[in-house]
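Here is what each chain is made of, one letter per residue.
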Amino acid sequence: MADDSTSGFRAGQTGLIVRIPEAEPPVRRWRERLDPSAQAGVPAHVTVLFPFLDESRIDALVHSALAELGSHPAFDLRFERCGRLPEVLYLVPEPDTQLRQLTEAIADRWPEAPPYGGRFAEIVPHLTIAQGQEDAVLEEIEADLAGKLPFTSHVSSVELIVHDGTKWQERASFALGE
């Protein structure tokens, strides 16, 4: 959920993510200090769609439609290098085809919820480590991570998270097909 900290988080905001628990050991200390989403309770993840629908719109029909994500197969991701966006350092998930397909499928179903609010023309799947930092800090993090990569993660679900006004909370999990 990079680049979403400029206006802060608000109660009722939702997002769809895939958790990457294998990333926690190498990136936790950096994310806790330098990623606003981690500070607000979001685990290491790759965003599928943010922002999603306001919580007030999440009903049984939305849950049912999200359960259809099971038609997408579960998949493995490999993280072996860092990438950068302006003032953002992230881990690059490879291959990213299935992540893009998930994002596109959900955005097609809910066109009123384009990825990152429509601010970016291209979908760039990523696991944010740090935001708003000088290049020297980002280089320090990259050097620290060099010996901790690569790792692989099996993605078998998409999580719906909701901001409660203080922290992000998981509200539902939607299994992918096996």
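All of the points below concern the structure found in this document. What you see is a predicted model, and the numbers here were worked out from it, not measured in a lab. Once a new chain begins, its residue numbering starts again from 1 and follows that chain's sequence as written. Local features are withheld for residues below a pLDDT of 70 in this predicted model, meaning they are given only at 70 or higher, and side-chain atom pairs are given and counted only at 80 or more; totals for whole chains, interfaces and linings count all residues. Hydrogens and waters are ignored; side-chain quantities use all the structure's heavy atoms.

**Quick look at the overall build of the chain**
Where we set the bar: By the criteria applied, helices consist of DSSP H or I runs no shorter than four residues and strands consist of E runs no shorter than two, each listed in order from the N terminus. Burial classes: relative accessible area under 20% of the type maximum marks a residue as buried, over 50% as exposed, and values in between as partly exposed (1.4 Å probe, protein chains only). What makes two residues a contact is simply this: any of their non-hydrogen atoms within 4.5 Å. Values of accessible area rely on a 1.4 Å probe in the Shrake-Rupley scheme; residue burial ignores everything except the protein chains shown.
Per the secondary structure count, the chain includes five helices and eight strands. Secondary structure elements of the chain, listed N to C terminal, follow the sequence β-α-α-β-α-β-β-α-β-α-β-β-β. Along the longest, intermediate and shortest principal axes, the C-alpha atoms of the chain span 45 × 35 × 30 Å. The buried share of the chain, taken over its 178 residues, is 49%. Excluding contacts between residues fewer than 6 apart, the proportion of contacts in the chain whose partners are at least 24 apart in sequence is 76%. Total accessible area on the chain stands at roughly 8,300 Å², and carbon and sulfur atoms take up 49% of it.

**Observations concerning the pattern of salt bridges**
Going by this rule: Any carboxyl oxygen of Asp or Glu within 4 Å of a side-chain nitrogen of Lys or Arg constitutes a salt bridge here.
Scanning all chains against the criterion turns up 13 salt bridges. A salt bridge links arginine 84 to glutamate 142, with the shortest nitrogen-to-oxygen separation between them at 2.6 Å. Separated by 58 residues along the polypeptide, arginine 84 in strand 3 (residues 75-85) and glutamate 142 in helix 5 (residues 135-146) bring together distant segments of the chain. Here aspartate 144 and lysine 148 are joined by a salt bridge, their closest N and O atoms 3.1 Å apart.

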